Amino acid sequence: MKFTQLPTPCYVVDEALIEKNLEILKGVTERTGARILLAQKAFSMYALYPLIGKFLNGATASGLYESRLGAEEMVVPAAAEGRKLENHIFSPAYRESDFEEILRYCDHIVFNSWIQAEKFGARAKAAGKSIGLRINPECSTQEGHAIYDPCAPGSRLGVTKAHFDMAAGTADGARLLSILDGIHFHTLCEQNSDHLEQTLDAVEEKFGQYLPSMKWINFGGGHHITRAGYDIPRLERCIRKMQQKYGLEVYLEPGESVALNAGFLIATVLEIFRNGTDIAILDTSAACHMPDVLEMPYRPPLRDSGQPGDKAHTYRLGGPTCLAGDIIGDYSFDRALREGDRLVFEDMAIYSMVKNNTFNGMPLPSIALLKKNGDCRIVKQFGYRDFKERLS
């Protein structure tokens, strides 16, 4: 099947572009020895896990289901081929009913608080797991997206210096500290390595006294390593500093960087009318199929379009749901849009499939893979039963 023959709406992931990103990430590993993991929260297209597992060092999860997916589709198949990949997990709080299963799937378990470490740490250690604690270096580097700032005042994510020092000064805290293998932080979102460098300075200032007793440090995600203009040499200096100064194994867990600019969402124009501005209703919804458009918010790139007024014909592109704010954005085109036209939104592999929903009974987009030879293969299609079985 060719790209132009795919049904809409449809997510399309380009295998060659994924591999290009993976080559960049693998280069960082080869030059520094840092271990890079796929953060499944951004991209969980497991049809590509065998490919990803050939370039990266494993996967990381935010809960039981992601940890199981990473184990079943990446770690276990690699082990059958004689390759050892890692499966990590972090959660703000673990459920008692999930934890035994998590122990089966994960080799690295990161806790969000001393309370969680006290509750589950000894059990994880006895099971042979490497355990870590997430810290909050209280160093905000976000610009305009407070919802993604784990260092904001009142954050529920990570242990601050005050709480770390307080716990470490007690007998129970000292015992837990003695079995900790690593420190984890995640403070970035779509950022460059200068912000990582700034964060590492704060980590050293606040937690430096504890680093020599650790085996590893995890820089978390949010590193836009595969974006044009990203400062990879600075990233590698940050990695080497932690390796050489403290003897630490360094982990990174980017999600976006793996699939950045490597996917598309194809939509069809259903209707065009005017209400003060020209409006095109698509079969694709911002609310259902690209929720970050409303959550961040941001304006997704659209092939062969311009900013409003740049080209001859400007349209407001909206979805088919009843939500008044189901608006993708205003775009301009060289020619007038017509019913049946196909539009191709870019950079749609990340935070799309993992976040989509069936509000209003909207069909979920199909998922297709664009092969290196130019052919497309539909990996997954959804129907009424997928909608119904999410309800009761």
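Residues numbered from 1 in each chain as written. Predicted model: local features only at pLDDT ≥ 70, side-chain atom pairs only at ≥ 80, totals over all residues. Heavy atoms only, no water.

Some words on the sheet that holds strand E8 (residues 182-184)
Then step 1. An order of E2-E10-E9-E8-E7-E6-E5-E4-E3 is seen for the nine strands of this open sheet, with the pairing classed as parallel. If you trace the sheet from one side to the other, it starts and ends with strand E2 (35-36) and strand E3 (38-39), each paired once.
Then step 2. Two elements, strand E6 (residues 108-111) and strand E7 (residues 130-134), share four bridges in a ladder whose sense is parallel. By the bridge assignment, isoleucine 109 is partnered in E7 with isoleucine 131.
Then step 3. Packing against the sheet, helix H4 (residues 96-105) makes contact with strand E5 (86-90) and E6, and its axis sits at approximately 140° to E6.
Then step 4. Helix H9 (residues 232-246) rests against strand E9 (216-218) and strand E10 (249-252) of the sheet, and its axis sits at about 145° to E10. (Pairing = 2+ DSSP bridges. Helix = DSSP H or I, 4+ residues; strand = E, 2+ residues; numbered from the N terminus. Contact = heavy atoms within 4.5 Å. Axes fitted to C-alpha atoms, helices over the stretch in contact; angles between N-to-C directions.)

Section: the packing of aromatic side chains
Then step 1. With the rule as written, the count across this model stands at 14 aromatic pairs.
Then step 2. Relative to phenylalanine 387, the ring of tyrosine 384 lies with its centre 6.3 Å away and its plane at 50°, an arrangement referred to as tilted. With tyrosine 384 and phenylalanine 387 both in helix H13 (residues 384-388) and three residues apart, the pair spans about one turn of that helix.
Then step 3. On the accessibility criterion, tyrosine 384 (59% relative accessible area) is exposed.
Then step 4. Put simply, the rings of Tyr94, Phe99, Phe111 and Phe120 touch in pairs and so form one group of aromatic residues.
Then step 5. When the ring centre of tyrosine 105 is taken as origin, the NZ or CZ atom of arginine 104, which lies over that ring, is 5.8 Å away. (Phe/Tyr/Trp six-rings, centres within 6.5 Å; stacked < 30°, edge-to-face > 60°. Buried < 20%, exposed > 50% of the residue type's maximum accessible area, 1.4 Å probe, protein only. Lys NZ or Arg CZ within 6 Å of the ring centre and 35° of its normal.)

Describing unusual backbone geometry
Then step 1. Cis geometry marks the peptide bond from threonine 8 to proline 9; its omega dihedral reads -5°.
Then step 2. With respect to the secondary-structure elements, proline 9 resides in the segment before strand E1 (10-14).
Then step 3. Of note, the amide linkage connecting methionine 296 to proline 297 takes the cis form, showing an omega dihedral of -10°.
Then step 4. One non-glycine residue, asparagine 261, lies in positive phi territory at about 55°.
Then step 5. Examined against the element boundaries, asparagine 261 turns out to sit in the loop between helix H10 (256-259) and strand E11 (263-274).
Then step 6. With relative accessibility at 45%, the residue asparagine 261 sits in the partly exposed group.
Then step 7. Backbone geometry at aspartate 347 places phi at a positive 55°, although glycine is not the residue there.
Then step 8. Looking at the element boundaries, aspartate 347 is found in the loop between strand E15 (342-346) and strand E16 (366-370).
Then step 9. We classify aspartate 347 as buried; its relative accessible area is 15%.

Quick look at the side chain of threonine 29
Then step 1. Looking at the secondary structure, you find threonine 29 in helix H1 (residues 15-32).
Then step 2. On the basis of relative accessible area, threonine 29 is assigned to the buried category, the value being 17%.
Then step 3. Once residues lying within four places of it in the same chain are set aside, the contact partners of threonine 29 are Ala34, Ile36 and Asn57.

Observations regarding helix H8 (residues 193-207)
Then step 1. Compared with the 21 Å implied by 1.5 Å per residue over 15 residues, the 20 Å span of H8 between its first and last C-alpha is a close match.
Then step 2. Every buried residue of H8 is listed here: Ser193, His195, Leu196, Thr199, Leu200, Ala202, Val203, Glu204, Lys206 and Phe207.
Then step 3. Of the surrounding elements, those touching the buried residues of H8 are helix H6 (161-168), E9 and H9. (Expected span 1.5 Å × (residues − 1).)

Topic: the nonpolar core
Then step 1. In this structure, Phe219, Leu317 and Phe345 are the most contacted members of the largest nonpolar core, which totals 98 residues.
Then step 2. Counting residues per element, this core draws most heavily on H9, at six residues.
Then step 3. Contacts of phenylalanine 219, omitting those with residues within four sequence positions, involve Phe185, His186, Leu196, Leu200, Cys238, Ile239, Met242, Val250, Tyr251 and Leu252.
Then step 4. Core analysis: the second largest hydrophobic core is formed by ten residues, Leu6, Phe264, Leu370 and Cys376 among them. (Core = buried A, V, L, I, M, F, W, Y, C linked by side-chain atoms within 4.5 Å.)

Things to note about the packing of helix H5 (residues 114-126) against helix H7 (residues 171-179)
Helix-helix packing: each pair is described by the crossing angle between the helix axes and the interaxial distance.
Then step 1. Between H5 and H7, whose axes approach to 10 Å, the crossing angle comes to 50°. Regarding the angle of H5 to H7, the classification is oblique. The element H5 and its partner H7 pack so that their crossing is left-handed. For the pair H5 and H7, contact is made by Trp114, Ala117, Glu118, Gly121, Ala122 and Lys125 and by Asp172, Gly173, Arg175, Leu176, Leu177 and Ile179, respectively.
Then step 2. Residue composition of the contact of H5 with H7, by class: six nonpolar, two polar and four charged. (Parallel < 35°, antiparallel > 145°, perpendicular 65-115°, else oblique. Left-handed = near helix turned anticlockwise from the far one by under 90°. Nonpolar A, V, L, I, M, F, W, Y, C, P; charged D, E, K, R; others polar.)

Focus on the pairing of E6
Then step 1. Residues His108 and Val110 point to one face of E6 and Ile109 and Phe111 to the other, with burial holding for every one of them.
Then step 2. Crossover connection from E5 via H4 to parallel E6: handedness right-handed.
Then step 3. Since E6 and E7 lie parallel, the crossover through H5 that links them has a hand, and here it is right-handed. (Right-handed = clockwise from strand over helix to strand, strands pointing away.)

Things to note about H1
Then step 1. With 18 residues, H1 should cover 26 Å at 1.5 Å per step; its first-to-last C-alpha distance of 26 Å lies within 8% of that length.
Then step 2. By the burial criterion, the buried members of H1 are Glu15, Ile18, Glu19, Asn21, Leu22, Leu25, Gly27, Val28, Thr29 and Thr32.
Then step 3. Residues of H1 that are buried in the fold lie against E1, E2, helix H2 (49-52), H9, H10 and E16.
Then step 4. Once H1 finishes, glycine 33 follows within two positions and takes phi at roughly 85°, a positive value.

Focus on the packing of H8 against H9
Then step 1. Look at H8 against H9: their axes get within 8 Å of each other, and the N-to-C directions meet at 25°. By the criterion of interaxial angle, the relationship of H8 to H9 is roughly parallel. Once H8 is placed against H9, the crossing between them reads as left-handed. Residues Ser193, Asp194, Leu196, Glu197, Leu200, Asp201 and Glu204 of H8 form the contact with H9, whose participating residues are Arg234, Leu235, Cys238, Lys241, Met242, Lys245 and Tyr246.

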